[in-house]
Amino acid sequence: MNRFSADLSETEVHFLFLTDYRRLEHIVRKNLPRWSRVPPNLIDLREYRHERLSTMRVLVIGGDGYCGWATALHLSSRGYEVGILDSLIRRHWDNELCIDTLTPIAPIQTRLQRWKDLTGKTIELFVGDLCNHAFLEKAMLQFKPDSVVHFGEQRSAPFSMIDREHAVLTQVNNVVGTLNLLYVMHEHFPDCHLVKLGTMGEYGTPNIDIEEGYITIEHNGRKDTLPYPKQPGSYYHLSKVHDSHNIHFACRIWGLRATDLNQGIVYGVLTEETGMDELLINRLDYDGVFGTALNRFCIQAAIAHPLTVYGKGGQTRGFLDIRDTVRCVELAIATPAAPGEFRVFNQFTELFSVGDIANMVQKAGSALGLKVDINHIENPRIEKEEHYFNAKNTNLLSLGLQPHLLSDSLIDSLLNFALKYKDRVDQTEILPKVKWKG
Ligand code: NAD
Ligand code: USQ
């Protein structure tokens, strides 16, 4: 018996403190007449946990990108020791395709210096390729992470469908990079927690409910819980499925701990930290290759370009605000997977069809005095345009995520943001040029 509960050993209390604080809190609440009567030793333990988590070393791979930059700053501001590893290849791909983010992003070194000047916090930088095992190993040995957040992949479906070369590049970059990371973790950091960005698109659009990673199936009188079937819609989305399988396998054979965050489509640009200064501004893609649905529609509305709904517009997807991306990653880090566990969280807060999104942007645009037309253009992709889509997303909510739901005011602020930078838009990059049929 211990001070907190008759059912838990001291070791279990300690473990719960680090891995599942909410559960421990629940147990304590049940066992104490009032939470206000928390014994002083528990308060000490809370401080200890806070200290332990905030001295955690987190390596953000892909930390120069859209999700990674916002996450690195958020974790740094929350007291984590943050490092960024990025090859800056995304900036190179933009140059190659002659596209640019709507927002003028500063070089990574300038961004990091500004962050230090404003907050006093240093973020270590490792510039290099995840596919270069020797570089990765050296950087990891130098940084010694407790957690690795892996955003560092080629993440555009259209980019992966340009031609054979881009499909190969995407799959080699993503699969080999992740595999290298798994090997370095196995060899040097077996207890490190991998938080890997997957995608809701791994599941495709099945005609049954989508669970979080696994599904229990009864077949010929026998029952098992198995990885949820995957039917991805591009060579990019397929690369994520391959990653998931490799990570799951590494957890099974080596006992690594990992969380796969199957993220939906991210929208928005401002987080508390990236909004602090113009030099910390995040990228915001609007072009037909890297731009994603809601962000693209807001920028199209700002320049009076008809919104580009592909086909019927009944394509339904999970969406989330970038402020929730950073929070979800923080929650995943703070409550690590157990050794050997391959945990899957579906990371989105709301489901919308592309048509719904276009209507919302049109409505918000009209309120701002913009004339917003919606065009249903020929769909360059091969995908269902009307389908069932019902995905679970309870894991992150039960860890305490409080979602920022899509509101008129958010669309409004995104539209105003787009209006501010609209002179940077290259109109010729709006319509899709990549076709799935080649
Ligand atoms: P991004 O292109 O803005 O950023 C990716 C970053 O990774 C870039 O800075 C790039 O230089 C870096 N990178 C790529 N390959 C690398 C390599 N081999 N070595 C080192 N660095 C490398 O992408 P994003 O929108 O921030 O997406 C980040 C992750 O989140 C991706 O894995 C993506 O699949 C996933 N995701 C994104 C969204 C979204 O809506 N943006 C939605 C779901 C999932
Ligand atoms: N779409 C339009 N008009 C547009 C752009 C897209 O109708 O102008 C449609 C697409 O046909 C598709 C849907 O909107 O049906 C989503 O397309 P998208 O480009 O917004 O997103 P997607 O290609 O799926 O990829 C993005 C990110 C990727 C991430 C994925 C999450 O680029 O990294 O993995 O969202 S998810 O969609 O849940 O798989």
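Look above for the structure.
Bear in mind the structure is a predicted one, so any value in this text is a computation, not a measurement.

Draft legend 1. Spotlight on the sheet that holds strand 2 (residues 81-86). The strand order across the open sheet built from seven strands is 3-2-1-4-5-8-12, with neighbouring strands paired in parallel fashion. Two strands bound the open sheet, and with one partner strand each, they are strand 3 (124-127) and strand 12 (342-347). On average, each strand axis in the sheet is tilted by 20° relative to the strand beside it, whichever way the strands run. In the packing of helix 7 (residues 133-143) onto the sheet, contacts are made with strand 1 (57-61), strand 2, strand 3 and strand 4 (147-150), and the angle to strand 3 comes to roughly 170°.

Draft legend 2. Representation of the site of ligand 1 within the structure. Taken together, 27 residues sit near ligand 1, with Asp86, Arg155, Asn173, Tyr236 and Lys240 positioned nearest. One of the backbone N or O atoms of Ser87 is found 3.2 Å from a nitrogen atom in ligand 1. In this structure, a nitrogen atom belonging to ligand 1 sits 3.4 Å away from a side-chain N or O atom of Gln263. About the coverage of ligand 1: the protein hides 98% of its 820 Å² of free accessible area.

Draft legend 3. Geometry of the side chain of Ser160. Checked against the element boundaries, Ser160 lands in helix 8 (residues 157-160). Under the relative-accessibility criterion, Ser160 is labelled buried at 0%. For Ser160, the side chain forms a polar contact with the main-chain nitrogen of Tyr236, separated by 2.9 Å. With residues up to four places along the chain from it excluded, the contact list for Ser160 reads Gln154, His166, Ala167, Thr170, Ser234, Tyr235 and Tyr236.

Draft legend 4. Examining unusual backbone geometry more closely. One non-glycine residue, Cys98, lies in positive phi territory at about 55°. On the secondary structure map, Cys98 appears in the loop between helix 5 (89-97) and helix 6 (108-119). Its relative accessible area of 56% is what places Cys98 among the exposed residues. For Ala304, which is not glycine, the phi dihedral falls at a positive 60°.

Draft legend 5. Fine view of the site of ligand 2. Inspection of the region around ligand 2 gives 23 residues, with Thr199, Tyr236, Ala293, Thr308 and Glu383 positioned closest. Thr308 places a polar main-chain atom, nitrogen or oxygen, 2.6 Å from a nitrogen atom of ligand 2. Relative to its unbound accessible surface of 720 Å², ligand 2 loses 95% to contact with the protein. Taken together, the elements giving at least two residues each to the shell around ligand 2 come down to helix 10 (235-254), helix 11 (293-302) and strand 10 (307-310). The residue makeup of the shell around ligand 2, split by class, is nine nonpolar, nine polar and five charged.

Draft legend 6. Summary view of the sheet that holds strand 13 (residues 350-353). The three strands lie next to each other as 9-11-13, forming an open sheet whose pairing is mixed. Two strands bound the open sheet, and with one partner strand each, they are strand 9 (265-267) and strand 13. In this sheet, neighbouring strand axes are inclined to one another by 45° on average, regardless of whether the strands run parallel or antiparallel. As judged from the four bridges shared by strand 11 (residues 316-321) and strand 13, these two strands associate in the antiparallel manner. The residue bridging Gly318 from the neighbouring strand is Leu351, located in strand 13.

Draft legend 7. Examining the packing of helix 11 against helix 15 (residues 408-420) more closely. One way to put it is that helix 11 packs onto helix 15 with a least axis distance of 8 Å and a crossing angle of 55°. By the angle between their axes, helix 11 is oblique relative to helix 15. Relative to helix 15, helix 11 is oriented so that their crossing is right-handed. On helix 15, the residues that touch Asn295, Cys298, Ile299, Ala301 and Ala302 of helix 11 are Ile411, Leu414, Leu415, Ala418 and Leu419. Of the residues contributing to the contact of helix 11 with helix 15, the split by class is nine nonpolar, one polar and no charged.

The rules behind each value
- Residues numbered from 1 in each chain as written.
- Chains lettered and ligands numbered in written order.
- Predicted model: local features only at pLDDT ≥ 70, side-chain atom pairs only at ≥ 80, totals over all residues.
- Heavy atoms only, no water.
- Pairing = 2+ DSSP bridges.
- Helix = DSSP H or I, 4+ residues; strand = E, 2+ residues; numbered from the N terminus.
- Axes fitted to C-alpha atoms, helices over the stretch in contact; angles between N-to-C directions.
- Contact = heavy atoms within 4.5 Å.
- Near = heavy atom within 4 Å.
- Polar contact = N/O pair within 3.5 Å; in protein donor to acceptor, adjacent residues only side chain to side chain.
- Areas by Shrake-Rupley, 256 points an atom, 1.4 Å probe, with all protein chains shown as cover.
- Buried < 20%, exposed > 50% of the residue type's maximum accessible area, 1.4 Å probe, protein only.
- Nonpolar A, V, L, I, M, F, W, Y, C, P; charged D, E, K, R; others polar.
- Parallel < 35°, antiparallel > 145°, perpendicular 65-115°, else oblique.
- Left-handed = near helix turned anticlockwise from the far one by under 90°.

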